[in-house]
Every structure is written in C-alpha cells, then in structure tokens.
Amino acid sequence: MSTSTVHPLLSLSPGLKAALQERVEHRLRDIVGANITTQYGTSAVSLSHFHQAIAGKDVKEDPSVVIDFRRVVPVTNYESYSPFVAKFFNHPRKQSDLENLLAPGFPSFIGISSSTTGNKSKLFAKYPRGCFNTPSSLARFLHSTDARKAAFIFCFTYRDLLEIMGKDGKVMKKIPVCIGTCGGVRDAENWSVETDSSRMGTIMPGHVSPWAAGFITHHRSFLLIHALFALSEPTLERFVMTFLTFFVDLIHHIHEDWDVLITSVRDGTIPQIEHIDHVRAYLQANFRASPQRAEELQNIGPPLTCPAWAQRVWPNLKTLVCICSGTFATVIPKARSVLGPNVLIQNVGYGCTECIMGRMLNADDTETFVFETGDVIEFLDASETLVHDKILQAWDLQPGKCYQPVATTQDGLWRYLIDDIIQVTGFDPRNGSPVFKFYGRKNLVIRFPYAAITEAHLVDVIRAINTEDIVKVQEFTAVVDRRELPQTVGFFLEIVGDIGPSANLARQNAFDALAATNDEHQCAFDTGRLRLPTIRIVKPGTFAEYRLWRSESMKAGIGQIKVPVVMSNQDQQEWIVKKVVMEL
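We now turn to the structure provided with this report. (Residues numbered from 1 in each chain as written. Predicted model: local features only at pLDDT ≥ 70, side-chain atom pairs only at ≥ 80, totals over all residues. Heavy atoms only, no water.)

## Quick look at the nonpolar core
Which entries qualify depends on this criterion: Throughout this description, the term nonpolar core refers to a set of buried Ala, Val, Leu, Ile, Met, Phe, Trp, Tyr and Cys residues connected via side-chain atoms within 4.5 Å. Relative accessible area decides the class of each residue, using a 1.4 Å probe on protein chains only: under 20% of the type maximum gives buried, over 50% gives exposed, and in between gives partly exposed. Throughout, a residue-residue contact means that at least one pair of heavy atoms, one from each residue, lies within 4.5 Å.
Ranked by size, the top nonpolar core spans 65 residues in total, and within it Phe239, Phe247, Leu283, Trp309 and Trp314 carry the most contacts. Setting aside anything within four residues of it in sequence, one finds Leu283 in contact with Pro210, Ala212, Ala213, Ile216, Ile225, Phe229, Ile270 and Ile276. In terms of nonpolar packing, the next biggest core, distinct from the first, is built from 62 residues, Leu101, Leu162, Phe371 and Val376 among them.

## Describing the sheet that holds strand β5 (residues 171-179)
Here is the rule we go by: Strand pairing is assigned whenever DSSP identifies at least 2 bridges connecting the two strands. Secondary structure follows DSSP: runs of H or I at least 4 residues long count as helices, runs of E at least 2 residues long count as strands, and numbering of each begins at the N terminus. Structural elements are reduced to axes, namely lines fitted to C-alpha atoms, with helices fitted over the stretch in contact, and the angle between N-to-C directions of any two is expressed from 0 to 180 degrees.
Read from one edge of the open sheet, four strands run β2-β1-β5-β4, paired in mixed fashion. On the outer flanks of this sheet lie β2 (123-126) and β4 (160-165), each paired with one strand and no other. Put simply, the sheet's adjacent strands are angled 25° from each other on average, direction ignored. In the sheet, β4 pairs with β5 via six bridges, with the strands oriented antiparallel.

## Comments concerning a nonpolar patch on the surface
Heads up, the rule is: The patch calculation keeps residues exceeding 30% relative accessible area without a salt bridge and links them within 9 Å when they carry like charges or within 5 Å when they are nonpolar (Val, Leu, Ile, Met, Phe, Trp, Tyr). Using the Shrake-Rupley algorithm and a 1.4 Å probe, accessible areas are obtained, with residue cover drawn only from the displayed protein chains. Within this document, salt bridges are pairs made up of a side-chain nitrogen of Lys or Arg and a carboxyl oxygen of Asp or Glu, the two lying within 4 Å of each other.
On the surface, Ile499, Val581 and Met582 cluster together to form a nonpolar patch covering roughly 240 Å² of accessible area. Among the secondary structure elements, Ile499 is positioned in the loop between β21 (488-495) and α18 (506-517). The exposure class assigned to Ile499 is partly exposed, which follows from its relative accessible area of 33%.

## Focus on the pattern of salt bridges
Enumeration over the complete set of coordinates arrives at 23 salt bridges. A salt bridge links Asp68 to Arg71, with the shortest nitrogen-to-oxygen separation between them at 3.3 Å. A residue pair is termed a helical-turn pair when its members lie 3 or 4 positions apart in one helix, as Asp68 and Arg71 do in helix α4 (residues 64-72) at three residues. A residue is classified by how much of its surface remains accessible, and Arg71, at 49% relative accessible area, is partly exposed. Residue Asp428 is joined to Arg359 by a salt bridge in which the shortest nitrogen-to-oxygen separation is 3.8 Å. Taken together, the residues span a long stretch of sequence, with Asp428 in the loop between β16 (420-427) and β17 (434-441) and Arg359 in strand β10 (residues 356-360) at a distance of 69 residues. Classification of Asp428 as buried rests on a relative accessible area of 0%. It is possible to trace a salt-bridge network through shared partners that takes in Asp481, Arg483, Arg531, Arg536 and Glu583.

## A look at the packing of aromatic side chains
As a reminder, the rule being used: Each pair of aromatic rings taken from Phe, Tyr and Trp, with Trp reduced to its six-membered ring, is defined by centres within 6.5 Å and is described as stacked if the planes are under 30 degrees apart, edge-to-face if over 60, and tilted in the remaining cases.
Going through the model one piece at a time under the given rule, you end up with 30 aromatic pairs. For the pair Tyr40 and Phe84, a centre-to-centre distance of 5.0 Å together with 70° between the ring planes defines the contact as edge-to-face. Placement of Tyr40 in helix α2 (residues 39-43) and of Phe84 in helix α5 (residues 82-86) is noted, with a sequence separation of 44 residues between them. With relative accessibility at 1%, the residue Tyr40 sits in the buried group. One aromatic cluster is present, formed by Tyr350, Phe369, Phe371, Phe379, Tyr403, Phe436 and Phe438 through successive ring pairs.

## Some points on the side chain of Gln487
Quick note on the threshold: Counting of polar contacts relies on pairs of N or O atoms within 3.5 Å, with two restrictions inside protein: one atom must be capable of donating a hydrogen and the other of accepting it, and residues adjacent in sequence are counted only when both atoms are side-chain atoms.
As for its position among the elements, Gln487 is in the loop between β20 (473-481) and β21. Here the side chain of Gln487 touches Arg482 through a polar contact of 3.1 Å, side chain to side chain.

## Focus: helix α12 (residues 258-267)
The line we're drawing: Arc definition: directions from the helix axis to the C-beta atoms.
Turning to α12, its buried residues number three or more, namely Trp258, Leu261, Ile262, Ser264 and Val265. Buried residues of α12, seen end-on, are gathered within an arc of 160° and therefore sit on one face of the element. Next to the buried residues of α12 lie α10 (219-231), α11 (244-256), α14 (291-300) and α15 (309-313). Remark: Gly268 follows α12 within two positions and exhibits a positive phi of approximately 75°.

## Some words on the state of the cysteines
The cut-off we apply is this: We call a pair of cysteine sulfur atoms a disulfide when they lie within 2.5 Å.
Scanning the entire structure with this criterion turns up zero disulfides. Cysteine Cys155 remains unbridged, with the sulfur of Cys182 as its closest cysteine sulfur at 6.0 Å. For Cys155, a relative accessible area of 4% corresponds to the buried category.

## Quick look at the sheet that holds strand β7 (residues 319-323)
Spatially, four strands are ordered β3-β6-β7-β8 in an open sheet, and the strand pairing comes out parallel. At either end of the open sheet lies a strand with only one pairing partner, and these are β3 (150-153) and β8 (344-347). Put simply, the sheet's adjacent strands are angled 20° from each other on average, direction ignored. Of the strand pairs in this sheet, strand β6 (residues 238-243) and β7 are connected by four bridges, and their pairing is parallel. By the bridge assignment, Arg238 is partnered in β7 with Thr319. The sheet strands contacting α10 are β3 and β6, and the helix crosses β3 at an angle near 170°.

Written out as structure tokens, the structure is:
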C-alpha cells in the first residue's frame, strides 16, 4: 500500500464532482428507501411534506426523490427523536412497538453521548451495519484481531440491558445501552452480550489483556490492570484507545504505582486493588510470573525518569491509535516525551455518537480528515441562518470556510444538525471528498455581549502561552471568570514541570492571542468591558482525577468522560478551584 502524502485539491474537476455527486445521491436514495417506511419515517410530522412529494415514486431509483428531499425535508434536532428512543425504556418492551422504529429491524445497541458539558446524555439507537457500509478506516481500527500484539484499552460494560419481548411472551432480543466505542467494537467483532461469559477468561487474538479487563468500571483500576498486562508483554507493538488523555492517565498511574506493578510482574499475582473482585479470577488465570521481565523493567525505571521511556519498555512499539486532534492535541507533547520520536501517534478518525464521518487524510497528520462515511453528510455555512434551503452539498463547499455538518443516517436520523464546526481545506484528489479540519464545538463557546469565543479561539490562546519560557501546557479548561469586574476568560492549566522565566508574560500573551481572533476583544478591553485573561495552575494529575470523579459521580462508562473545553456547571467549577496551586 502506498504511503505517499496526499495533497488536497483547491477545486474539483468536472469528473471528480460528477463522481462525488453520483456517490452521495445513490447513498441518499438507499437510506431514504430503507427508512421511509419505519415507524418514525411514516409518522414524523417533519416528513409529511416529503411523503406527499414522493407519493408513487420508486425512492431507490427515481432521481427526483433527491430533489424532493433537499426541497422539503427540514433540519431536525434531538427533540425530534427522543420520544421514539424513549420507547425502548417503556415497560413492557414489546417487539411490535420497537421493531422498525427508526431503521429496519432492531438496534445493535443504544449509544450514550459524551456528557462533556454536564447536560444529560443523549441516547441514539444504533442499528447493524454491513461491512460494506462501514468506513474502511473505522473497520480497520475496530477490527482488533491481527497478528500484532496490542494494548486494546476499551470498556465493554453497558449501563443497561434492554430485553425485548416477542409475540410469544419470551425474550427475543437483548439490546445493551452503552457508550459508542463499546457498541461499535462489539458490532465490528460480533461480540454479543449473550456470549460475554464465554469470553471472560480469554485473551482475544492480538490483545495483551483478557477480555474481562474491559468489565472494570473504575477508571484507575481499569487503567492499572491494562497497564499491568501491557508491561508484562515486551513485544507490544501498539496501543489502541479512545482518547489521547487516556494514554497520559495510563502513564500517570504506572508512575504512581510502579513498585506495585513490578512486584506483580515478578510474582505473577494480580495486585490488591479495588473494584476488580468481579473479574479477579479471570485476570489471574491469564497472568504468569516473569522475574526476568520484572528485572528488565526495574532496570529501566518508571515513566518520566528518562526520555522515550516507552521505546525502552516496548522496543517493538510502533503506533498509538486514539482521538488526538482538537483540544486533545494539547497533550501530544506529553505523550511524545514518553513515546519518543519514532512511535506514530495516529488519529482514529472523525465522528460522534450520531455518526462516523471521516478518516485521516494522511496517517502522520492528526488534524486533517477526509469525509468517508456510510451516511449522507450535508453542510450548513456556519455564518448562515439555520434554514433547510441554505444547506449545501459536498461539491458546493469552499476551501477556507467553516461549516456545520447535517447528517442523514442509516440509523434513522434525517437532516440532523451536528454540534460541530469543521473548516474545509480542499478536496481529496482520489475521489473528490471534502478534506477538513475540526474547528470546534458549536455549543462550547464563551459568549460575551460583544463577541463569542469559540473552542478554536481558546486553543489559539493556549498555543500562544505553551512555550518553554512561559508554561508547558498538558491539559486545560476554561471558564467565565467573574471573581472581579470586568469579567474575562479564566484558564485552568495542568502543566509539565515548573513555570518558565517569562511566566509573568502569560496573561498578556493570552490576551494578544485572544484579540487576534476578533477585534472586538481589544475594543472591549480599551473600554473597560474586559480584563486580561486569568491563568490558574492546578496540581499534577488534576484532569485525570476529574475524569475519575465525573465517571463515578455520573456512573458513566469508561472512555466517555472528557474534560470540557469550557466548564459551565457550578459543581465542575467548584471542584477544579480546589485543585489550584498557583495563579499567574
């Protein structure tokens, strides 16, 4: 397979445009044909005009159906679907009430969205997809069974198990309620909940940890057990996990519990840590004493004691696969210091609980994606008013402009507005698909009376102060700081090492970077409506502790909790204020 770098085009040739259009419209007709006869498709008020327009037409073959769709189907939001998803939680759960609800058949799982902002999680019915409808990059990522040894660090637990009663009164289907990665991996590997018990004592092909490790729900214990089995395997070639912050947390726990882990490797005994009693027997059955490996590790020493530590522990390590773009990119320097220069940090791709949308354009570029999906993605100009006749198609996009994705999915979403903003940078010369960068979350902004501050703006500020002579930022979050007037943007930073000799310039540099994003910030400062941003340093390990605190308090799945770019909830703000050790 060629590894040459792909360079985006700035415009589409007539041939590429025609091929892209044909591909998208064929996929749209297939999705419409499958979902228009579902319970949602036949009863949703939002689709009533569409039903009138396509009456008597062959929806899978008649090209005018695409025109009708774009003309009359409105943009939808979660409120359109939540009453239908709620039916899965009614009692009794009858087959007749739930079959063909949003898409044909029954969902494989109910996906739980990330609770980043502290709002209640959204739930999405996720239906089975054939391999031909799964983006190839995602399929490669999810399909874990290859010859290479991997630390495959995913949670396989579920929050609830919904039993669907058949016409004979017996359970005919079990549907787990779980985070998207759990459901996606289970789907890709055909790991049904009914057969979980048969795998509990097994190490799946290509894995280093037993299947049972995925059923530990406590964040620290989950990472420590995966760390133990990874440390025991000197031939490890890759790490695969949800977020890059997971890897940083993993290294943090290895460093903290180094002696305990080395003793376990030497003795072949699973350590006495909390929250693993329900799987301890399965873990122990797959763990063997290795005095020689323990001696090797002891001679190397714990993480953070030498550069490129991971390459010394795992000489064959080649890849870390995880979500590492956007705000997660702030921990790349920390991860790189542990991994060394030769391990590829590779992004999983781009998507959300609602749908998978893209893959990496080039393996070594963690920020640039190309659309590849089994669904249909349209686009709303981020500067335009939200009306359906303003929606653009993939071949209408302009490099340099920002757009909000609008998804019509095999899972039964119709022109659903995704809360992300992407910036198009060009088109893939191989098939014409738009190439883009993630710009930020639509709903994660700080709104002042004179201007809005986006996620991308906050990242720009962090980049401006993330220097050797000011501070080396590992992770951050932001708030509206109203401790004194005028209000301003307040940053909480977890840093690597000590502050630099020019740390006194941090607030001014942060303001300069903020002002560069919008002239209104300078005007507000000059007229007394804004002061310099504030910067508070929190103790090491704070953000790892935050993920643990949130996962336990919300009973959320491991891999679901992210540190929000903006902390808007009072309980979150009160929690992090207690971790402050210094203010610049």
